[in-house]
Amino acid sequence: MENFRKLRRKFHIEALLKSIALGVSVGLITMAVTWALQKRAAAEWNVLLYLLLFAGVSLVASALAFLILRPSDKRIAKKIDKRADLQERTQTMHEFANESDEMVLLQRQDTEKRIAATQKSAFKPKRLWVYGVIGALACASIVAAALIPGKTVKPAAQPPEQEYEEEEREFDLTMLEELIREVKDSDMQDAAKQPVVAELEALLADLKLTDKAALMRDLVVQTIKDIDDAVEEVNTYRELAESINKSLIPTAQSFSIGLVTCDPMDLSKYMTKIRTALEKSEYFVTDVKNLSQGIRDTMVNSGVADTEELYQRIYAFTTALEDYAAKCDQWDDEKKLAELETLFTESNQIIGLSLEEQKINSDMRYYVIDRLKTIFGITDAEIGQLNSSSPAKLENIPPDEEDKENNEGGDGGMGTGDTMYGSNEQIYDPTYEKDGVIGNHVVYGDVLDKYSAIIAANKGELSQELIDLIDAYLNELNKVNS
């Protein structure tokens, strides 16, 4: 049955090729239909997705087609009989393929001879034109999909961009020029003042060329962030405090807490606590040395230059502590305490001066930011979180026993019957004159009436809604807490 097996292999290959042709055609048609639908939906895929769809569909369709077109041995025998006009000889040979008697062998040999004698053209593939037509239709579908115009999605109508009106701009620029003069006349350190003035003057120049309100707001917001960063770069108290706080010495940790608020009053409070703790220590000299070493060893990792003023003054404090520890064994107890108090008092004053300068930088920075927000109507949401507003990273907070005792028990409430303003914190007022110096820190409540008068004098230029908001704010500040 050698000739039969050769023809069977030939028919199987023919079925496989036809299945592949059908599968590829189905894949092309599927890809074309999908492409057309996606174009009309204005949601075209990436080319890779179309190729993956084509490959997947072609593979599945080819496999299914081969299962259908692949002929069985019985169908192959029937095809051979029909094409070679063998009058069912091949079918008979296939049916008795497992028999071996003489008559079957003779019939099998005769059939094999007749198959071999049949011209090869009788077994050529039939109706190939059908597959050619299907392939042509598949290619045509791709061309048609390519020619289908994609649906154009019209962008949502944008509201007209708001103009930065000339009259409004002139007023804002006048207020900005006044703010620049205030900064120049302030007591800020030059290292902080110069970049702040430069940022404001750059903003002034940009706004003179700006006629769009959105661009104006973007410029102001960026200026606020740049001013905050500029002052934060000059002020070093936070970096030094965070670094010193990593010390394992509790008194050094307390020193960092007095430093981190940039308030000389807080520094003085914690310097007094540290001195008191040292005076009560059983290991007095050792603890003085540990305080000096704890501050010095950690501040070098702060990233602050050792030529910076606050750094140098804190370093001088640690040097004074070491000198004190080296000499104090020669003194009696009374002189030890007196010299320690003098050392702490002088160091507190010297370091406090640097903190005061940096506090002026910070206060003036916030004053400038608040004025810019007021002049240009910028909201906190537009600005986001400023770098200076992030909390200090203090890892070690030693227990404050004095505050703990003060908060335990008591005869009653905290009220004194005095007027308590909405904020009793000190603020920097560049116009407040004291001892012949213009520009000082002042309790907010002391200048509240002046601010109220200024606002009242300018109410004619404000909307009624804004006037009501300001009045409510001032009334809240003046509430009495007893």
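*Asks:* Whenever I open this one, the overall build of the protein chain confuses me. Can you help?
*Replies:* The number of helices and strands found in the protein chain is 19 helices and two strands. Scored against the burial criterion, the 482 residues of the protein chain give a buried share of 37%. Total accessible area on the protein chain is roughly 28900 Å²; 54% of this is exposed by carbon and sulfur atoms.

*Asks:* I'm lost on the nonpolar core in this one. Help?
*Replies:* Note that soluble globular proteins tend to have their nonpolar side chains buried in a common cluster. Ranked by internal contacts, the top residues of the largest apolar core, which has 34 residues, are Phe-255, Leu-259, Ile-295, Ile-314, Phe-317 and Phe-344. Looking at this core, the elements with two or more residues in it are α10 (237-244), α11 (250-260), α12 (264-279), α13 (284-299), α14 (309-327) and α15 (333-376). Examining the composition of this core, we find that seven residues originate from one element, α14, more than from any other. Beyond its immediate chain neighbours, meaning those up to four positions away, Ile-314 contacts Leu-240, Ile-244, Phe-255, Leu-259, Ile-295, Met-299 and Ile-351.

*Asks:* Sorry, what's going on with unusual backbone geometry here?
*Replies:* Unusually for a residue other than glycine, Cys-262 sits at a positive phi of about 60°. Of note, Cys-262 is situated in the loop between α11 and α12.

*Asks:* Explain the pattern of salt bridges here, please?
*Replies:* Close approach of charged atoms lets side chains of opposite charge pair. Scanning all chains against the criterion turns up 13 salt bridges. Between Glu-201 and Lys-184 there is a salt bridge; the shortest N-O distance is 3.2 Å. Taken together, the residues span a long stretch of sequence, with Glu-201 in helix α8 (residues 190-207) and Lys-184 in helix α7 (residues 166-185) at a distance of 17 residues. Salt-bridge contacts for Lys-373 lead to Asp-380; the nearest nitrogen and oxygen are separated by 2.6 Å. Among the ionic contacts, a cluster of salt bridges with common partners joins Asp-228, Glu-232, Arg-238 and Arg-365.

*Asks:* Is there a simple way to think about the packing of aromatic side chains in this case?
*Replies:* The description of an aromatic ring pair uses the distance of the two centres, along with the angle that the planes make with each other. Applying the stated rule across the entire model yields four aromatic pairs. Ring centres of Phe-255 and Phe-317 lie 5.8 Å apart, and the angle between their planes is 25°; on these two criteria the pair is classed as stacked. Residue Phe-255 is found in helix α11, and its partner Phe-317 is found in helix α14; the two are separated by 62 residues along the sequence. Taken individually, Phe-255 and Phe-317 each receive the classification buried, so the pair is uniform in this respect. By relative accessible area, Phe-317 is classed as buried at 1%. Connected via pairs of aromatic rings, a cluster forms that spans Phe-255, Phe-317 and Phe-344. A cation over a ring is seen here: Lys-273 above Tyr-270, with NZ or CZ 4.8 Å from the ring centre. Sitting over the face of the ring of Tyr-366, Arg-365 holds its NZ or CZ atom 4.5 Å from the ring centroid.

*Asks:* Whenever I open this one, the confidence of the model for the protein chain confuses me. Can you help?
*Replies:* The predicted coordinates ought not to be read in detail in places where the model reports low pLDDT. Per-residue pLDDT for the protein chain has a mean of 81; in total, 77% of the residues score no lower than 70. Ranking the helices and strands of the protein chain by mean pLDDT puts α14 first, with 95, and helix α17 (residues 401-406) last, with 43. A low-confidence stretch, residues 401-423 stays under pLDDT 50, and its non-local contacts, those more than four residues away or across chains, total 18 contacts.

*Asks:* Just checking my understanding: could you explain the side chain of Arg-275 for this structure?
*Replies:* One can find Arg-275 in helix α12. For Arg-275, a relative accessible area of 17% gives the class buried. Beyond its immediate sequence surroundings of up to four residues, Arg-275 is in contact with Leu-340, Glu-341 and Phe-344.

*Asks:* Looking at this structure, how should I read the packing of α14 against α15?
*Replies:* The interhelical angle for the contact between α14 and α15, taken along N-to-C directions, is 175°, at an axis separation of 9 Å. As summarised for this structure, α14 and α15 are arranged roughly antiparallel, according to the angle between their axes. Residues that form the contact of α14 with α15 fall into these classes: 14 nonpolar, three polar and five charged.

*Asks:* Help me out: how do you make sense of the environment of Ala-116 in this one?
*Replies:* With respect to the helices and strands, the residue Ala-116 is situated in helix α5 (residues 102-117). Sequence spacing of Ala-116 and Glu-2 is 114 residues, and the spatial spacing of their C-alpha atoms is 9.8 Å.

*Asks:* How should a positive patch on the surface be read in this particular structure?
*Replies:* Taken together, the side chains of Lys-74, Lys-78, Lys-82 and Arg-127 present a region of like positive charge at the surface. By secondary structure assignment, the location of Arg-127 is in the loop between α5 and α6 (128-147). A relative accessible area of 59% means that Arg-127 is categorised as exposed.

*Asks:* When you look at α13 in this model, what are you seeing that I'm missing?
*Replies:* At 3.6 residues per turn, the α-helix brings residues three or four places apart onto the same side. Given a rise of 1.5 Å per residue, 16 residues ought to cover 22 Å, and the 23 Å separating the end C-alpha atoms of α13 matches this to within 8%. Turning to α13, the residues buried within the fold contact α10, α11, α12, α14 and α15.

*Asks:* I'm lost on the packing of α12 against α15 in this one. Help?
*Replies:* Where α12 meets α15, the closest approach of the two axes is 9 Å, and the angle between their N-to-C directions is 160°. Classified by the angle their axes make, α12 and α15 are roughly antiparallel. Like other packed secondary-structure pairs, α12 and α15 cross with a definite hand, here right-handed. Packed against α12, whose contacting residues are Pro-264, Leu-267, Ser-268, Met-271, Ile-274, Arg-275, Leu-278 and Glu-279, the element α15 presents Leu-337, Leu-340, Glu-341, Phe-344, Ser-347, Asn-348, Ile-351, Gly-352, Leu-355, Glu-356 and Lys-359 at the interface. Looking at the contact of α12 with α15 residue by residue, the class counts come to 10 nonpolar, four polar and five charged.

The rules behind each value
- Residues numbered from 1 in each chain as written.
- Predicted model: local features only at pLDDT ≥ 70, side-chain atom pairs only at ≥ 80, totals over all residues.
- Heavy atoms only, no water.
- Helix = DSSP H or I, 4+ residues; strand = E, 2+ residues; numbered from the N terminus.
- Buried < 20%, exposed > 50% of the residue type's maximum accessible area, 1.4 Å probe, protein only.
- Areas by Shrake-Rupley, 256 points an atom, 1.4 Å probe, with all protein chains shown as cover.
- Core = buried A, V, L, I, M, F, W, Y, C linked by side-chain atoms within 4.5 Å.
- Contact = heavy atoms within 4.5 Å.
- Salt bridge = Lys/Arg side-chain N within 4 Å of Asp/Glu carboxyl O.
- Phe/Tyr/Trp six-rings, centres within 6.5 Å; stacked < 30°, edge-to-face > 60°.
- Lys NZ or Arg CZ within 6 Å of the ring centre and 35° of its normal.
- pLDDT = per-residue confidence, 0-100.
- Axes fitted to C-alpha atoms, helices over the stretch in contact; angles between N-to-C directions.
- Parallel < 35°, antiparallel > 145°, perpendicular 65-115°, else oblique.
- Nonpolar A, V, L, I, M, F, W, Y, C, P; charged D, E, K, R; others polar.
- Patch = residues over 30% accessible without salt bridge, like charges linked within 9 Å, V, L, I, M, F, W, Y side chains within 5 Å.
- Lys, Arg positive; Asp, Glu negative; His and termini not counted.
- Charge placed at Lys NZ, Arg CZ, Asp CG, Glu CD.
- Expected span 1.5 Å × (residues − 1).
- Left-handed = near helix turned anticlockwise from the far one by under 90°.

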